Amino acid sequence: MFLFLLIYFLVKLLRPYCKKNQIYLLYLLLITSSPILYYGQAIMSDIAMTSCLVMSLFFINKWYLSPESKSRDLNFGLLLFFLATIFKSYAIIFLPVLLFLLLKKKGHISQKIKVWNCLCLLMVCLPVLYWHYWTSLQPGYHDSSSHNILRKLEHLLQAEYYYAIYKHLVKFLGLIPFYALLLFSIYYLAKNRLQKINLPEWFLPYTICLGLFLIAVADKIPQHEYYFLLGVPIFFYLSSGAISALLSSVKVKPIILIVILLIHVSIGTKSYLKATKENPDVLECAKMITDNTEEQAKVGIYTDVSRFNSINYYANRSGVVIEGDKFNIEVYKKHGIKYLVTNLNSRGNEQFENWIRAQSDRLKLSKKMIFKDAKKREMSCLLYKVI
C-alpha cells in the first residue's frame, strides 16, 4: 500500500515541474528501482515514513500553489507529517521544508493562521525530542553512540561513507540513469545553464534537509540503504529530467533505446531477485534456535544487520543485538538474555573468539551447526547458554 502511495503522490507532486516525457521516465525509474520495490513490499517503518512525508509535501505544496488556499489541503498535509514522525522520528528533520512553504505563502491568508500552523508543526518536535532523550539514556553501545554528534562527524571523514552513498545512489537509480544524471550535470555545469532548470519551490530546502539527514545517519549509511528512501524525490526528479534532456538533445534510434531499457530493467530485476532471495543458513540457524530454546526466552544475537532481522523473525524469539566485544555478557544478562547466538563466517568467528574465551565461565556451548549461504560460503551458527 505504501509503495503505491509513494509512487502515486510523488508523481503528482512533481508533475507541475516536469515535461510530458519526463513524467513517463519518472514512472519508469520508480517501478524499476529494486530498492523501492523491495522496501515497498517489506513491513518496515521507513517506507511508511517516506510515503507520508511525500504525501504531506504534496498537499501542503498544493495549498501553497493554489490561490484559493483551501485549508483542507493544509490540514491533510499537517496530519500526514505528524504520521510520518510517528512511523519514524527522522522525518522531523524535514520540518523546515513545510515551515518554508507555510511562511512563504502569499495571498488571502492571515498572519495569525500562519503562526498557528507553524506552532502546530513545531509542537510535533516535543515527543520526538523526548523519544531521542529517552533512548540516549538506555544501556548499550549502539543506542548511546547513535546520538553522539562526534561519532557522526568521524564517519563523515571516512571514505567508506562516501563510497556507500555512491553505491546506494547507483542501486536506487540504476546504473544507466545514474551515469545519465552525471553526464547531464557535467554538461550543464560546463554550459552554465543550471539556472534554467525548472525546480520546485521546496527543492532547495528539501535538499538542505536531506543533507542534514545524511549527516544524522552517517554511522548507519554504510549498512542501511533504506535511509536513502527520503532522497527519492530529489534523485528521481533530477535523474528523469537528465535523461529527458539528453534524449531531446541527442538523436538516438528507437532500437538502441529499447536495448538500453531492457538492460536497465534486467539489472533492476536481477538486483530485486537477489535481495528477496533467502539465505538458507539464516533459515537453518533460526530453526536451530527455535528447536533448542524456550518460546519466551530472550536471545542475544551477534551477526550482520540483515541476518539479525531475519533470524529474529524466523526464530520467533525476542532478539537483542550483541554489540561485538564492547560489553561483557553480564551487561546483556541483566536485561534477561538467556542464550547467545553467533551467525558468522570463519573470519568473523576468529575475530569474536577472544571475547567468547573471556566469557567461557559464563557461556556454555549448546549447539553448533555449519551451513552454506546463498553464495556457497561457509557460515556457522553457534548457540550458547548463558550461565
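Residues numbered from 1 in each chain as written. Predicted model: local features only at pLDDT ≥ 70, side-chain atom pairs only at ≥ 80, totals over all residues. Heavy atoms only, no water.

Caption draft 1: Structural context of the overall build of the protein. Helix and strand counts for the protein stand at 19 helices and 5 strands. In the protein, buried positions account for 46% of the 387 residues. By element, 63% of the accessible surface of the protein is carried by carbon and sulfur atoms, the whole surface being about 21,100 Å². (Helix = DSSP H or I, 4+ residues; strand = E, 2+ residues; numbered from the N terminus. Buried < 20%, exposed > 50% of the residue type's maximum accessible area, 1.4 Å probe, protein only. Areas by Shrake-Rupley, 256 points an atom, 1.4 Å probe, with all protein chains shown as cover.)

Caption draft 2: Summary view of the packing of aromatic side chains. What the rule picks out here adds up to 17 aromatic pairs. Each ring, one from Tyr90 and one from Tyr227, has its centre 5.9 Å from the other, and the planes form 85 degrees; the classification is edge-to-face. Highlighted residues: Tyr90 in the loop between α5 (71-87) and α6 (95-104) and Tyr227 in the loop between α13 (203-216) and α14 (232-249), separated in sequence by 137 residues. Judged by centre distance (6.2 Å) and plane angle (40 degrees), the rings of Tyr163 and Tyr166 are tilted. Note that Tyr163 and Tyr166 are positioned in helix α11 (residues 159-173) at a spacing of 3 residues, about one turn of the helix. On the basis of relative accessibility, which here comes to 33%, the residue Tyr166 falls in the partly exposed class. Here the aromatic residues Tyr90, Phe94, Trp202, Tyr206, Phe213, Tyr226 and Tyr227 are joined through ring pairs into a cluster of three or more. (Phe/Tyr/Trp six-rings, centres within 6.5 Å; stacked < 30°, edge-to-face > 60°.)

Caption draft 3: Here's a closer look at the sheet that holds strand β2 (residues 318-321). In space, the 5 strands of this open sheet follow the order β2-β1-β3-β5-β4, with mixed pairing throughout. Because the sheet does not close on itself, it has two edges, and the strands there are β2 and β4 (363-372). With direction set aside, neighbouring strand axes in the sheet form an average angle of 25 degrees. Across 4 bridges, strand β1 (residues 298-302) lies against β2 in parallel orientation. Residue pairing across strands places Ile301 opposite Val321, the latter belonging to β2. Sitting on the sheet, helix α19 (residues 346-358) touches β1, β3 (337-345), β4 and β5 (378-386), and the angle it makes with β3 is about 145 degrees. (Pairing = 2+ DSSP bridges. Axes fitted to C-alpha atoms, helices over the stretch in contact; angles between N-to-C directions. Contact = heavy atoms within 4.5 Å.)

Caption draft 4: Highlighting the packing of helix α1 (residues 2-14) against helix α2 (residues 20-31). Contact geometry for α1 and α2: axes closest at 11 Å, N-to-C directions at 155 degrees. By the angle between their directions, the pair α1 and α2 is classed as roughly antiparallel. Our pair here, α1 against α2, has a crossing hand that is right-handed. Residues Ile7, Leu10, Val11 and Leu14 of α1 lie in contact with α2, whose contacting residues are Ile23, Leu26, Tyr27, Leu30 and Ile31. Its residues placed into classes, the contact of α1 with α2 shows 9 nonpolar, no polar and no charged. (Parallel < 35°, antiparallel > 145°, perpendicular 65-115°, else oblique. Left-handed = near helix turned anticlockwise from the far one by under 90°. Nonpolar A, V, L, I, M, F, W, Y, C, P; charged D, E, K, R; others polar.)

Caption draft 5: Summary view of the environment of Met55. If you trace the backbone, Met55 turns up in helix α4 (residues 45-65). Each C-alpha atom, one on Met55 and one on Leu5, is 7.8 Å from the other, the two residues being 50 residues apart in sequence. With residues near it in sequence (within four places) discarded, Met55 still touches Leu5, Phe9 and Leu80.

Caption draft 6: Summary view of α11. Between its terminal C-alpha atoms α11 stretches 21 Å, which fits the 21 Å expected from 15 residues at 1.5 Å a residue. Taken residue by residue, α11 has Tyr161, Ala164, Ile165, His168, Leu169, Val170, Phe172 and Leu173 as its buried positions. Just beyond α11, the residue with positive phi is Gly174, at close to 100 degrees. (Expected span 1.5 Å × (residues − 1).)

Caption draft 7: Here's a closer look at the side chain of Ser380. Within the secondary structure layout, Ser380 lies in strand β5. Taking the relative accessible area as the measure of exposure, Ser380 reaches 6% and is therefore buried. When residues no more than four places from it in sequence are discounted, the contact partners of Ser380 are Thr342, Asn343, Leu344, Asn349, Met369 and Ile370.

Caption draft 8: Main features of the nonpolar core. By size, the foremost hydrophobic cluster in this structure holds 78 residues, and its most contacted members are Leu30, Phe94, Trp202, Tyr206, Phe213, Ile221 and Phe236. Among the elements that take part in this core, α4 stands out by supplying 12 residues, more than any other. Ranked by size, the runner-up nonpolar core spans 15 residues in total, among them Cys285, Ala315, Phe371 and Cys381. (Core = buried A, V, L, I, M, F, W, Y, C linked by side-chain atoms within 4.5 Å.)

Caption draft 9: Up close: α5. The end-to-end C-alpha distance of α5 is 24 Å, a good match for the 24 Å that 17 residues give at a rise of 1.5 Å each. All buried positions along α5 are accounted for by Asp73, Leu74, Gly77, Leu78, Leu80, Phe81, Ala84 and Thr85. Mapping the buried residues of α5 onto a view down its axis gives an arc of 165 degrees, with all of them on the same face. (Arc of directions from axis to C-beta.)

Caption draft 10: Structural detail: the packing of α1 against α4. Look at α1 against α4: their axes get within 9 Å of each other, and the N-to-C directions meet at 30 degrees. One way to sum up the angle between α1 and α4 is to call them roughly parallel. Viewed along their axes, α1 and α4 form a crossing whose handedness is left-handed. For the pair formed by α1 and α4, the contact residues are Phe2, Leu3, Leu5, Leu6, Phe9, Leu10, Lys12 and Leu13 on the first element and Ile47, Ala48, Thr50, Ser51, Val54, Met55, Leu57, Phe58, Phe59 and Asn61 on the second. When grouped by side-chain class, the residues that make up the contact of α1 with α4 number 14 nonpolar, 3 polar and 1 charged.

Caption draft 11: The pairing of β1, seen in detail. Taken together, the 5 bridges between β1 and β3 define a ladder with parallel strand orientation. Note that in β3 the partner of Ile301 across the bridge is Val341.

Caption draft 12: Spatial organisation of the pairing of β5. Across the 9 residues that make up β5, a large majority, 7, are buried. Here 7 bridges tie β3 to β5, and the two strands are oriented antiparallel to one another. Note that in β5 the partner of Asn345 across the bridge is Met379. Bridge count for β4 against β5 is 9 bridges, and the pairing is antiparallel.

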